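The primary structure of each chain is shown beneath.
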Amino acid sequence: MEISPDILYRYANPAPGRTEKTMKKTLLITTWLILSLCAGNALAFDHQHTQWNSLLGKHVHWTESGNASRVDYAGVKKEKTRFDTYLGSLSAVTRQEYDSWSKPQKLAFLINAYNAFTIDLVLTRYPDLESVKDLGSFLSTPWKKRFFTLLGEERNLDEIEHGMIRKRGRFDDPRIHFAVVCASIGCPALRNEAFTAEQLDSQLEDGLVRFLSDKSRNHYNSQSDKLEVSKIFDWYSEDFEQGHRGFESLEDFFANYASLLSDNQAGREKIAGRKAAISYLNYDWRLNDLGR
């Protein structure tokens, strides 16, 4: 059903002198027309995540030669109404609609949702916090706090990451650990663009490469003869041992990216030959805030 904008305008702007009863009737008709229009021409979910993409492009800034990023939380907070509109679009997606999507569309949706709702959580206390951990309590972590709706249910961040994204048999791609960002300096970079189905594979690989290229978080130490890497690889080692792209162990995974992890040939050969002992660095939980 197509409704002319002129008709909508006449109903929304009645002529002077109308009675209150007529005005109420006009309002009801206008509402019905708009609802009918929406029902007949329901807008599909925007898989380009246009609003989110715009906010990220404006408020996320690359650092460390492009291997890390910082978020202008103050800037996002100034655009909270626009941000809330995007969050609302995520929450409006039904389980039935989600189930009809392709696998890349689903994963891009979940990654964007995790990152967006994480920023939303930070903004509930910003700027009065030093770490995302400050948003938790003695009895519960911030990742178990239920504060948003997704696919028709009230949820927390852990449910997106562990119950949906990491669930065995769903996506089985360890590169998601370089895409979901927990608002901390120790995390991989939050991209300055939204994840989309069309670009998902290249975006995941790019995030992995940027993270491994950051020597403050992953590097071969020639003095100790150890491969010193992010604690992420300790926490989620099992995800890198499930055969993705033929990787059966962390050693297999690092061997494939040896050139990123060492600046000298001897170190690269050690990593590629799976002869470098692995140790894990302390995680930096400070807020990844541009202003600090």
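For clarity, every value in this text was computed on a predicted model and none was experimentally measured.

Student: Requested: an account of the nonpolar core, with residues and values cited.
Tutor: Counting residues in hydrophobic clusters, the biggest one holds 76 residues, and the most contacted among them are L90, F109, L150, F233, F253 and F254. Among the elements that make up this core, the one with the highest residue count is helix α7 (residues 103–123) (13 residues). Ignoring any residue separated from it by four or fewer positions in sequence, one finds F254 in contact with L212, L227, V229, F233, L261, I271 and I278.

Student: Could you give an account of the packing of aromatic side chains, with specific residues and numbers?
Tutor: Taken as a whole and assessed by the stated rule, the structure comprises 27 aromatic pairs. Ring centres 5.1 Å apart and planes at 70° place the aromatic pair W101 and F109 in the edge-to-face group. A single burial state applies to W101 and to F109, both of which are buried. Ring geometry for F233 against F253: centres 5.8 Å apart, planes inclined by 40°, an arrangement best described as tilted. Residue F233 is found in helix α10 (residues 232–235), and its partner F253 is found in helix α11 (residues 250–256); the two are separated by 20 residues along the sequence. The same class applies to F233 as to F253, namely buried. Among the aromatic residues, ring-to-ring pairing joins F178, F211, F233, F240, F247, F253, F254 and Y257 into one connected group. For the cation-ring pair, K106 lies above Y98, with the distance from its terminal atom to the ring centre recorded as 5.4 Å. The cationic tip of R210 hangs over the ring face of W62; the distance from NZ or CZ to the ring centre is 4.0 Å.

Reading the values: rules and limits
Residues numbered from 1 in each chain as written. Predicted model: local features only at pLDDT ≥ 70, side-chain atom pairs only at ≥ 80, totals over all residues. Heavy atoms only, no water. Core = buried A, V, L, I, M, F, W, Y, C linked by side-chain atoms within 4.5 Å. Buried < 20%, exposed > 50% of the residue type's maximum accessible area, 1.4 Å probe, protein only. Helix = DSSP H or I, 4+ residues; strand = E, 2+ residues; numbered from the N terminus. Contact = heavy atoms within 4.5 Å. Phe/Tyr/Trp six-rings, centres within 6.5 Å; stacked < 30°, edge-to-face > 60°. Lys NZ or Arg CZ within 6 Å of the ring centre and 35° of its normal.

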